[in-house]
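# Tertiary structure, described
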Amino acid sequence: MPQIVRSIEEAAGAQAGTVKSAGRVLEVLELLGNVRKPLSASEIGKLLDYPKSSTNVLLKYLTNLGYLSFDPDTMHYFPSLRVTSLGAWIPAALYGMGDAASMLHEVHDVTGETVTLSMRSGQAMRFIRVLPGNFFIALKMDEGTLAPLFGSSVGAAFLATRPPAEVERLADGARAMARTRVARQMIERALESLPQIRSTGYAFTTASLFPDTGAISMALPPASDGNVLVLGVGGLSARIRRNERSIARAMRSAITTHLRLPARG
């Protein structure tokens, strides 16, 4: 084999190994974020299906970097406070002096329902922040969960902010991916709902992601990079429907207060 070919293959192999290791770092942190409790190396390796040796090396490396703490008495690992600082700057970067975290917590405190922040990811909306509801029966989902752009409350709220040409382009993409009549009907219903959403300032749907649930979603003003994030409140459909107006008011108030926006008339 020519040396140059061998060198290219070796470089490609090294790059693939680096990408795999980087992916495992994120998977470990996401796992601990989902379970929200300390885990041992063997538990982490089993849940992620990692070899024992590489699991131990990875966890020790993350501990040495300061991203994990290790309790020698219980042999458990847990994220350190350094992890929380990784994304702490993002809301301020997106909304200047605004405080998106306080906005979410205010809505959560007022409504008691599950509160989410999501952003578009292709033909879906990805939940990047989830505050679980306080009710005995509450909407449950993990951060990172995807919701369809056409057929969800958060997706409809996002689409209502886009110009007609962009909405139609996204709809054509969704139609091309639709495999059932129900999926195609969902796209058309979403398009029909946009005028009402633009009029009221928020989207309200029931049973769009889970049975017996409802959600109210409100698009935030464009961030500094042009992205539009969506604030959502979800829970039992009867409860959300009964409190629709008060929830919408709480959302508007929190957005105006914490994102430093002028009050709407």
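My aim in this report is to walk through the structure given alongside it, one point at a time. A quick note: this is a predicted structure, and the numbers were derived from the prediction, not measured. Within every chain, residues take consecutive numbers counted from 1 along the sequence as written. For a predicted model such as this one, the threshold for reporting local features is a pLDDT of at least 70, and the threshold for listing and counting side-chain atom pairs is 80 or more; totals across whole chains, interfaces and linings nevertheless cover every residue. Hydrogen atoms and water are omitted, and side-chain values are computed over all heavy atoms in the structure.

## Some words on the pairing of strand β9 (residues 229-236)
Buried means the residue's accessible area, taken with a 1.4 Å probe over protein chains only, is under 20% of the maximum for its type, while exposed means over 50%, and partly exposed covers the values in between. Put simply, DSSP H or I for four residues or longer makes a helix, DSSP E for two residues or longer makes a strand, and each gets a number counted from the N terminus. Of all eight residues in β9, seven are buried, a share of seventy percent or more. Pairs of strands are assigned from DSSP output, requiring at least two bridges between the strands. Inspection of the sheet shows strand β4 (residues 114-121) paired to β9 by six bridges, in the antiparallel sense. When the sheet's bridge partners are listed, M119 is paired in β9 with L229. With seven bridges joining them, strand β8 (residues 213-219) and β9 adopt antiparallel strand pairing. By the bridge assignment, A215 is partnered in β9 with G234.

## Regarding the packing of aromatic side chains
Stacked, edge-to-face and tilted labels apply to pairs of Phe, Tyr and Trp rings (six-membered ring for Trp) whose centres lie within 6.5 Å, assigned for plane angles under 30 degrees, over 60, and everything in between, in that order. Counted under the stated rule, the structure contains one aromatic pair. Measuring from ring centre to ring centre gives 4.7 Å for F70 and Y77, while their planes differ by 40 degrees; the resulting arrangement is tilted. Taking relative accessible area as the criterion, F70 reaches 35% and is therefore assigned partly exposed. Assessed through its relative accessible area of 7%, Y77 is described here as buried. Charges are assigned to positions over rings by a cutoff of 6 Å between ring centre and Lys NZ or Arg CZ, combined with an angular limit of 35 degrees from the ring normal. Sitting over the face of the ring of F135, R239 holds its NZ or CZ atom 3.8 Å from the ring centroid.

## Here we look at the sheet that holds β8
If you trace the six strands from one edge of the open sheet to the other, you get β6-β5-β4-β9-β8-β7, paired in antiparallel fashion. Both outer strands of the open sheet, β6 (146-148) and β7 (203-206), are each paired with one neighbouring strand and no more. Neighbour-to-neighbour, the strand axes of this sheet turn through a mean angle of 30 degrees, independent of strand direction. Looking at chain direction, β7 and β8 are connected through four bridges and run antiparallel. Every axis in this analysis is a line fitted to C-alpha atoms, fitted for helices over the stretch in contact. Angles between the N-to-C directions lie between 0 and 180 degrees.

## Examining the pattern of salt bridges
Basic side-chain nitrogens of Lys or Arg form a salt bridge, by our definition, when they fall within 4 Å of a carboxyl oxygen of Asp or Glu. Using the criterion set out here, one finds five salt bridges in the structure. Across the salt bridge formed by E113 and R239, the nearest N and O atoms sit 2.6 Å from each other. Linking E113 in the loop between α6 (100-111) and β4 with R239 in helix α10 (residues 237-242), this pair joins segments that are 126 residues apart in sequence. Pair check on accessibility: E113 and R239 agree, each one buried. Note that R175 and E188 form a salt bridge whose closest N and O atoms lie 2.9 Å from each other. Placement of the pair is R175 in helix α8 (residues 164-177) and E188 in helix α9 (residues 181-200), with a sequence separation of 13 residues. Bridged by salt links that share partners, the residues E168, D172, R175 and E188 form one connected network.

## Some points on the packing of α8 against α9
For the pair α8 and α9, interaxial distance at closest approach is 10 Å and the crossing angle is 155 degrees. Here α9 runs roughly antiparallel to α8, going by the angle between their axes. The two elements α8 and α9 cross, and the hand of that crossing is right-handed. Here V167, A171, A174 and R175 of α8 come into contact with α9, specifically with I187, E188, L191, L194 and R198. Nonpolar residues are Ala, Val, Leu, Ile, Met, Phe, Trp, Tyr, Cys and Pro. Charged residues are Asp, Glu, Lys and Arg, and all others, Gly as well, are polar. Split into classes, the residues belonging to the contact of α8 with α9 amount to six nonpolar, no polar and three charged. Each angle is binned into one of four classes, with values under 35 degrees roughly parallel, values over 145 roughly antiparallel, values of 65 to 115 roughly perpendicular, and all other values oblique. By definition, any crossing whose near helix is turned counterclockwise from its far helix by less than a right angle is left-handed, and any crossing with a clockwise turn is right-handed. The contact criterion used throughout is that any non-hydrogen atoms of two residues lie within 4.5 Å.

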